[in-house]
Every structure is written in C-alpha cells, then in structure tokens.
Amino acid sequence: MSVLAGRHILLAITGGIAAYKSPDLARRLREAGAEVRTVMTSAAMAFVRPMTFQAVTGKPVHYDLLDPASEAAMGHIELARWADLVLVAPASADFMARLAHGHADDLLATLCLATHARIVLAPAMNQVMWANAATQANRTQLEARGVRMLGPGHGDQACGEVGTGRMLEPTALVAQLCRFYAQGPLSGCTVMITAGPTREAIDPVRFISNRSSGRMGFDLGAAAREAGARVIVVAGPSAEPLAAGIERLDVESAEQMYETVMQHIEGCHIFIGAAAVADYRPEAPPAEKIKKQEAAISLRLIRNPDILQAVAALESGRPFTVGFAAETHGLLEHAEGKRRNKRLDMIAANWVGRPGLGFESTTNALEILWAGGHVSIDQGPKAEVARRLIEIISERYHAQDSTANSGS
Ligand code: CTP
C-alpha cells in the first residue's frame, strides 16, 4: 500500500502555465490512494478550468472565499482542518510572496494561514523571477517556517528561456511526497498520545475539570503522523480538531483514559502523556443530581491512577515514555523530579498560568529533559513546537534503540 493511502491532500493551483500539468498530478495522487480536494486562485483559472479538476478528483473545486454557498458546503476553516498536507503546484512567485507575508485576501492564502497541516510548494516561474533576490528571500523565510519546496527543476521554459524555474513533473512530485512520508523518522513506529483534560463526575450533571484545550497533544499527533508514525490519540473532552489519519479514542474520566491506554498500549513504540489528567476524583458520585439543601457540603476526593507512571512501569513491551510537567514555579527542579520518580525516558516541561504559554494558549515553549541531556524549544505556535518535540523524541528514541542493540 502506498504511503499516500488515505492522506488528505489539498492540491492548490496558482496562476502559471505549469497549471496544465496539475490535473495529471491530481489524478496520480488519487491513484496513489490519497484523497484530493482542489483549491484554485483566480489567476489559475485563466489557465485551467475548475471543471477539469472536478472531473479528475470527483469533488467540487474551491476558489471563492466570499461565496456563501461554497462556504456553507465546506468552509475555508473546515478545508484547512481537513487537510493533512497542502500541496501548492504550481506555486507562482506572487503566491510565494503573499504566503511569506501572511496575506489573507483570497481563499488559498487564508487557508494557508488557518491550517496546521504541512505546506509544500512546487514553484514554477521564469528563471529570472526565481533567481530574483525578492523571491529567494521569500523562499528562505518560508523554509525557515517549515514550508517545504519541491523543485523547481532546470530545463526549457514556456517563455523560450532555459534555466531553473520549471515545475517538477507530476510523477516526480508524487515520488518526492512518497519519500517524504516513507523516510519520516518515525515510519514503522506506533505512537500513543494522551491529550486534553479529563472530567471527574461530581454527580450526573457536574464535573471537575481543568483548562487544557487538547491542542498540544493533537499537534503532537499531527507531527508524529507527519514523521511517518501510526498515531493513536486517547482524547479527553476537547473541541479542537484533530488532523486526518489519526486513530482517536474518546474518553471522559481519568479512569476511562487509564483503561483505554492499557487496552491499546501493546505494540506501541512511543507513549507521550500530554493529557492534563485530574489527579483526584470525587469518591462516590451519586446517581442523582445533588440538590441545594445544606449551607455547605464537602467533596471527598480520592487519587486517580497515574497513567504515565503505569506505562513507564510496564514490564514487557515498555514503550519509550515521555511525560509533560505543567508548573507554575520551580519548572526545571519539579520536572526533573517527576522524570526520575515516574522513571520516564524524557519530560517536556512548560510554564502554565503565564501569558502565551501552556493551557488555553495557541503558543507554547518547552524545556526538554532526559538522563544527561537538556534542550529548550523557544516560544512558537503549538504546531511548530510539536514538530520540534517530535524530532527530539525520535532522535532520543533511535539513540536509545541503537544503544540497546549494540549492548546485546
Ligand atoms: N499524568 C498521568 N496520569 C495522572 C496524572 C498525570 O498520566 N493521573 C501525566 C500527565 O499526562 C503528564 C504528567 O503525568 O504527562 C505530569 O502531570 P502533572 O499533573 O504535571 O504532574 P503530577 O505527577 O500529577 O504532579 P503534580 O500535580 O503534583 O504537579
């Protein structure tokens, strides 16, 4: 089975003569098993008609940000969430400039701002435009933000010149995408991640919970999937979207999360405890709603099982185990204490209760600790921080693996 099977690829076409190759690209992506939806800029429609893509993909083509009918069918935010990967082919010089500067003046530019998915560009333009300092500065800026470039290739150009600026052929683009997924550092690995808060019932209508949104755990899931892993997310209640291609097991309470993790942990190579699991639960929630009678009532709370600790203590098939430490003070000391106590391979420590960090925030920064090592991940969007953390986890996971193998 192709590594593209089941991937949600949003194929975006911008204005350029290479757009005539894009329907063939769409067809080849589908042949490789990907689900393909298409977005076109208005300049692209001067070169190819939307009907062509509709026929090739079997799905309506999206091109208008302000059309209520198409927004009602599948709005730009929904499309941004649907995508596993956004492939802009051809990507014009103008589109690269608009993406580099964060424009949101048409459907494609807006989608690119709103997505957590990886963005890949297949540039196509006149060789002098490609070599121009402005285009190269935009390219450097985009690459620094994690946007990947496939091509451009070298050869004859539609304008009669010869040079670098041709869009790669559809077969080459599909092959490079396959390599991108197949060579991911976690290909062949199964990663389980807990995410979100838990809810501990007080009675049938009330619960104790916390401010976790689930975003960090979901972004880790997307990054691990992008790195080629099979990903299982055990999720507490969260309104956040989860990237395509991830197995999601929904739970409410810490006890349910514990049971679900233990049922599915066998065969997992890496476990990441990113959930904000309630440490305590009400001892005996009544079957009926508590009525307002007494002037004061007490809730007796009892300890929940520690999921992370239980996974780290598994005797057979113990995965590489990574925990989080959310702290309001003494970040490094508390995190290192938790790493040792719970016998973790690694811990990611983050401040909570500070602006722009931790719970309910779209950005985060982490301190990563393992036996004999420490790196910092600077503050950035959670999706970027998640990619970096997955890189560090896969490096340590493989390093440990090779140490274990060389010792045997
Ligand atoms: N965790 C877990 N199960 C629990 C409690 C916590 O799996 N019942 C995991 C979290 O997912 C996180 C790590 O343990 O990866 C640390 O959680 P945290 O609440 O910060 O630490 P605790 O060990 O619970 O200590 P404390 O609340 O005293 O800071």
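Residues numbered from 1 in each chain as written. Predicted model: local features only at pLDDT ≥ 70, side-chain atom pairs only at ≥ 80, totals over all residues. Heavy atoms only, no water.

Lining the immediate surroundings of the ligand are 14 residues, of which Gly273, Ala275, Phe324, Lys338 and Lys342 lie closest. The backbone of Gly273 places a nitrogen or oxygen atom 2.5 Å from an oxygen atom of the ligand. A distance of 2.8 Å is found between an oxygen atom of the ligand and a side-chain nitrogen or oxygen belonging to Lys342. Protein chains shield 76% of the accessible area of the ligand, which is 570 Å² for the free molecule. (Near = heavy atom within 4 Å. Polar contact = N/O pair within 3.5 Å; in protein donor to acceptor, adjacent residues only side chain to side chain. Areas by Shrake-Rupley, 256 points an atom, 1.4 Å probe, with all protein chains shown as cover.)

Negative phi values dominate among residues other than glycine, just as trans dominates among peptide bonds. With omega at 5 degrees, the peptide bond leading from Ala89 into Pro90 counts as cis. Looking at the element boundaries, Pro90 is found in strand 3 (residues 85-91). Omega for the bond connecting Gly151 with Pro152 falls within 30 degrees of zero, at 5 degrees, which places this linkage in the cis form. Looking at the secondary structure, you find Pro152 in the loop between strand 5 (148-149) and strand 6 (153-156). In this structure, Arg343 takes a positive phi of about 55 degrees despite not being glycine. (Helix = DSSP H or I, 4+ residues; strand = E, 2+ residues; numbered from the N terminus.)

This part takes up the environment of Trp370. Relative to the helices and strands, Trp370 resides in strand 18 (residues 363-370). You can call Trp370 buried: its relative accessible area is 14%. Residues Trp370 and Leu108 lie 262 residues apart in sequence; the distance between their C-alpha atoms is 41 Å. Excluding its chain neighbours within four sequence positions, the residues that come into contact with Trp370 are Arg339, Asp345, Met346, Val375, Ile392 and Arg396. (Buried < 20%, exposed > 50% of the residue type's maximum accessible area, 1.4 Å probe, protein only. Contact = heavy atoms within 4.5 Å.)

With that settled, the discussion passes to the packing of aromatic side chains. Enumeration according to the criterion identifies 2 aromatic pairs in this entry. With a centroid separation of 5.2 Å and 55 degrees between ring planes, the pair formed by Phe180 and Tyr181 is classed as tilted. Each ring, one from Phe320 and one from Tyr397, has its centre 6.1 Å from the other, and the planes form 80 degrees; the classification is edge-to-face. Remark: Tyr397 occurs in helix 14 (residues 382-407) and Phe320 occurs in strand 16 (residues 320-327); sequence separation between them is 77 residues. On the accessibility criterion, Phe320 (5% relative accessible area) is buried. Its guanidinium or amino end placed over the ring of Tyr181, Arg7 lies 3.7 Å from that ring's centre, counting from NZ or CZ. Residue placement shows Arg37 over the ring face of Trp82; its charged tip is 5.5 Å from the ring centre. (Phe/Tyr/Trp six-rings, centres within 6.5 Å; stacked < 30°, edge-to-face > 60°. Lys NZ or Arg CZ within 6 Å of the ring centre and 35° of its normal.)

Glancing now at the nonpolar core. Counting residues in each nonpolar core, the largest one holds 36 residues, and the members touching the most others are Leu220 and Ile272. Counting residues per element, the ones that place at least two in this core are strand 8 (190-195), helix 10 (215-226), strand 11 (230-235), strand 13 (270-273), strand 16, strand 17 (346-351), strand 18 and helix 14. Top element by residues in this core is helix 14. It accounts for 7 residues. Leave out the neighbours within four places in its chain, and Ile272 touches Val191, Met192, Ile193, Thr194, Leu220, Val322, Phe324, Ile390 and Ile393. Core analysis: the next-biggest nonpolar cluster, separate from the first, contains 32 residues, Ala44, Met45, Leu87 and Phe180 among them. (Core = buried A, V, L, I, M, F, W, Y, C linked by side-chain atoms within 4.5 Å.)

Quick look at the domain arrangement of the chain now. When cut into domains, the chain gives domain 1 (8-182) and domain 2 (190-403). Measuring from the centre of the C-alpha atoms in domain 1 to the corresponding centre in domain 2 gives 35 Å. Taken together, the contact between domain 1 and domain 2 spans 10 residues of the former and 9 residues of the latter. Carbon and sulfur atoms make up 49% of the surface buried where domain 1 meets domain 2, a total of about 880 Å² over both sides. Along the contact surface separating domain 1 from domain 2 lie 1 salt bridge. (Domains from an automatic or database assignment. Buried area = accessible area lost by both parts, 1.4 Å probe. Salt bridge = Lys/Arg side-chain N within 4 Å of Asp/Glu carboxyl O.)

The tally for this structure, following the rule as stated, stands at 0 disulfides. In this model Cys268 remains outside any disulfide bridge; the closest cysteine sulfur is found in Cys189, 11 Å from its own. (Disulfide = S-S within 2.5 Å.)

Moving on, we get to the pattern of salt bridges. Between side chains of opposite charge, a pair can form when the charged atoms approach closely. Considering all chains together, one arrives at 27 salt bridges under this definition. Notably, a salt bridge pairs Arg206 with Asp203, separated by 2.5 Å at the nearest N-O pair. Owing to a relative accessible area of 35%, Arg206 belongs among the partly exposed residues under this scheme. Exposure remark for Asp203: the relative accessible area of 2% places this residue in the buried category. Between Asp250 and Arg248 there is a salt bridge whose closest N-O contact spans 2.8 Å.

Bringing the packing of helix 5 (residues 93-100) against helix 8 (residues 133-144) into the picture now. The interhelical angle for the contact between helix 5 and helix 8, taken along N-to-C directions, is 50 degrees, at an axis separation of 9 Å. On the basis of their axis angle, the class for helix 5 and helix 8 is oblique. You can see that helix 5 and helix 8 cross each other, and the crossing is left-handed. Two secondary-structure elements touch here, helix 5 through Ala93, Met96, Ala97, Leu99 and Ala100 and helix 8 through Thr135, Asn138, Arg139, Gln141 and Leu142. By residue class, the composition of the contact of helix 5 with helix 8 is 6 nonpolar, 3 polar and 1 charged. (Axes fitted to C-alpha atoms, helices over the stretch in contact; angles between N-to-C directions. Parallel < 35°, antiparallel > 145°, perpendicular 65-115°, else oblique. Left-handed = near helix turned anticlockwise from the far one by under 90°. Nonpolar A, V, L, I, M, F, W, Y, C, P; charged D, E, K, R; others polar.)

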